[in-house]
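Now for the letters of each chain:
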Amino acid sequence: MSGVLALTWFEHRRTKELCAGLGVELVVLGTRFRGPLRYLVLGIRTVALLAWRRPEVLVVQNPSLILAALTAAVRGVLGYGLIVDAHNEAVVPFINRQPWVARLSQWVIRRADATIVTNRQLAAHVLRQGGKPFTLPDRIPIPPPVSVRTLNGSFNVVLIATFARDEPVAAMFEAVRGMDVELYVTGDHRKLDPTVAAKAPPNVHFTGFLDEHEYWSLLRSADAIADLTLMDDCLVCGAYEALALGKPMLLSNNSASVELFGGCAVFTDNNAADILGALERLRREHASLQTAAERKRSELADLWIGSAQALGDVLADSRPRARAGSRLMN
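Residues numbered from 1 in each chain as written. Predicted model: local features only at pLDDT ≥ 70, side-chain atom pairs only at ≥ 80, totals over all residues. Heavy atoms only, no water.

Colleague: When you look at the state of the cysteines in this model, what are you seeing that I'm missing?
Modeller: The term disulfide refers to a covalent linkage connecting the sulfur atoms of a pair of cysteines. For the structure shown, the criterion picks out 0 disulfides. No disulfide involves Cys237; its sulfur sits 8.0 Å from the nearest other cysteine sulfur, which is in Cys234. (Disulfide = S-S within 2.5 Å.)

Colleague: Quick question: what am I supposed to make of the pattern of salt bridges here?
Modeller: Oppositely charged side chains are able to pair whenever their charged atoms sit close together. The tally for this structure, following the rule as stated, stands at 14 salt bridges. In this structure, Glu241 and Arg13 form a salt bridge, with 3.1 Å as the shortest nitrogen-oxygen distance. With a gap of 228 residues between them, Glu241 in helix α10 (residues 237-245) and Arg13 in helix α1 (residues 13-22) connect regions that are remote in the sequence. As a salt-bridge pair, Arg283 and Asp180 come within 3.7 Å of each other at their nearest N and O atoms. Of this pair, Arg283 sits in helix α12 (residues 272-284) while Asp180 sits in the loop between α7 (169-176) and β8 (182-186), and the two are 103 residues apart along the sequence. Counted as one network, the salt bridges with shared partners bring together Arg13, Glu212 and Glu241. (Salt bridge = Lys/Arg side-chain N within 4 Å of Asp/Glu carboxyl O. Helix = DSSP H or I, 4+ residues; strand = E, 2+ residues; numbered from the N terminus.)

Colleague: Explanation requested: the packing of helix α3 (residues 65-78) against helix α5 (residues 99-111) in the structure shown.
Modeller: At a minimum axis separation of 10 Å, α3 and α5 run at an interaxial angle of 45°. Taken together, α3 and α5 sit at an angle that is classed as oblique. Taken as a pair, α3 and α5 cross one another with a handedness that is left-handed. Listed contacts from α5 to Leu65, Ala68, Ala69, Ala72, Ala73, Arg75 and Gly76 of α3 are Val101, Leu104, Ser105, Trp107, Val108 and Arg111. In terms of residue class, the contact of α3 with α5 is made up of 9 nonpolar, 2 polar and 2 charged. (Axes fitted to C-alpha atoms, helices over the stretch in contact; angles between N-to-C directions. Parallel < 35°, antiparallel > 145°, perpendicular 65-115°, else oblique. Left-handed = near helix turned anticlockwise from the far one by under 90°. Contact = heavy atoms within 4.5 Å. Nonpolar A, V, L, I, M, F, W, Y, C, P; charged D, E, K, R; others polar.)

Colleague: Would you take a moment to explain the sheet that holds strand β2 (residues 25-28) for this structure?
Modeller: Hydrogen bonding along the main chain pairs the strands of a sheet, whether they run parallel or antiparallel. Reading across the sheet, the 6 strands line up as β2-β1-β3-β4-β5-β6 and stay open at both edges, with parallel pairing between neighbours. Only two strands of the sheet have a single neighbouring strand rather than two, namely β2 and β6 (133-135). Each neighbouring strand pair of the sheet contributes to a mean axis angle of 25°, computed without reference to strand direction. Where strand β1 (residues 4-8) meets β2, 4 bridges bridge the pair, whose relative direction is parallel. Looking across to β2, one finds that Ala6 is bridged to Leu26. (Pairing = 2+ DSSP bridges.)

Colleague: Can you walk me through the packing of aromatic side chains in this structure?
Modeller: Given two aromatic rings, one states the distance between the centres and the angle between the planes to describe the pair. Evaluated as defined, the whole model comprises 4 aromatic pairs. Their ring planes at 80° and their centres at 5.8 Å tell us that Phe173 and Phe206 sit as a pair that is edge-to-face. In this pair, Phe173 sits in helix α7 while Phe206 sits in strand β9 (residues 204-208), placing the two residues 33 residues apart along the sequence. Residue class for Phe173 comes out buried when judged on its relative accessible area of 2%. By relative accessible area, Phe206 is classed as partly exposed at 28%. Pairing Tyr215 with Trp216 gives two aromatic rings, centres 6.2 Å apart and planes at 80°, and the pair type is edge-to-face. For the cation-ring pair, Arg53 lies above Trp52, with the distance from its terminal atom to the ring centre recorded as 5.9 Å. In this structure, Arg97 packs its charged tip against the face of Phe94, placed 4.6 Å from the ring centre. (Phe/Tyr/Trp six-rings, centres within 6.5 Å; stacked < 30°, edge-to-face > 60°. Buried < 20%, exposed > 50% of the residue type's maximum accessible area, 1.4 Å probe, protein only. Lys NZ or Arg CZ within 6 Å of the ring centre and 35° of its normal.)

Colleague: Any chance you could explain the side chain of Ser221 here in plain terms?
Modeller: Within the secondary structure, Ser221 is located in helix α9 (residues 212-221). For Ser221, a relative accessible area of 12% translates into the label buried. A polar side-chain atom of Ser221 sits 2.6 Å from the main-chain amide nitrogen of Arg149. For Ser221, the residues in contact, after removing those within four places along its chain, are Ser147, Val148, Arg149 and Leu151. (Polar contact = N/O pair within 3.5 Å; in protein donor to acceptor, adjacent residues only side chain to side chain.)

See the structure below:
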């Protein structure tokens, strides 16, 4: 898409799929530095890149909040339209709840020409904060060709985890204790609280960090996929990955997930007793849920195409404002 540039400070599947689907160039800036020096280096590189490339429309991923705030601050000088692809944390902060984070997030939302969110619940938050929301669920990814592994259990479930504070990992471990279920937990488990890791039952298997091929191979080999979050209105990436493979899934019971994935998922409250009952239902209704997942995959693929075409119109509409803003600054 001519004149449109996407920029991020770390890779995320949603942004990569969005840019691939729209034909937008994606630039990922990185650095080996950490802490404040990381933000300084990436900030300088970002402004230099924008001054050189002079896009008509810029799409940024938030998080990073600092990237979004920086590009919102300099847009008047450089004269581009600004579209922010906002994850849940960028609209309703959950992990970082400091007051300054919420205030800066709201300022970015008000400065952007549009804020892309995954569901109508988050869109309502954007509206209340004075922004212009655009609702676009994630694109269903295309899995790479991978081999199927032989897993040990009669019913094998993969729990997609990063061990962030919004993941009820301890409740999941307690739920599978004594069950005839083998639970494979992805992610770098060194980030997990050691006391929680020590209490994991024998049927919990930590995979460690997996590369792309190993990750998709594990997902394809499983009977079902679980991805749980304490965040309200959060559509987890694992649900889309499960749909890509036509796998039944276990998700947290929030309204956004129920609306989008209802019929092909079992939903649970984030406590051990409810997760236990949900896993039993997942196993009992496995065949019908798998059929529903394959059907839902087609429905959401069509939904994404229609919504992405509408987003293309939003990007095009941002161009005149960008040029007008540039002329006003000169």
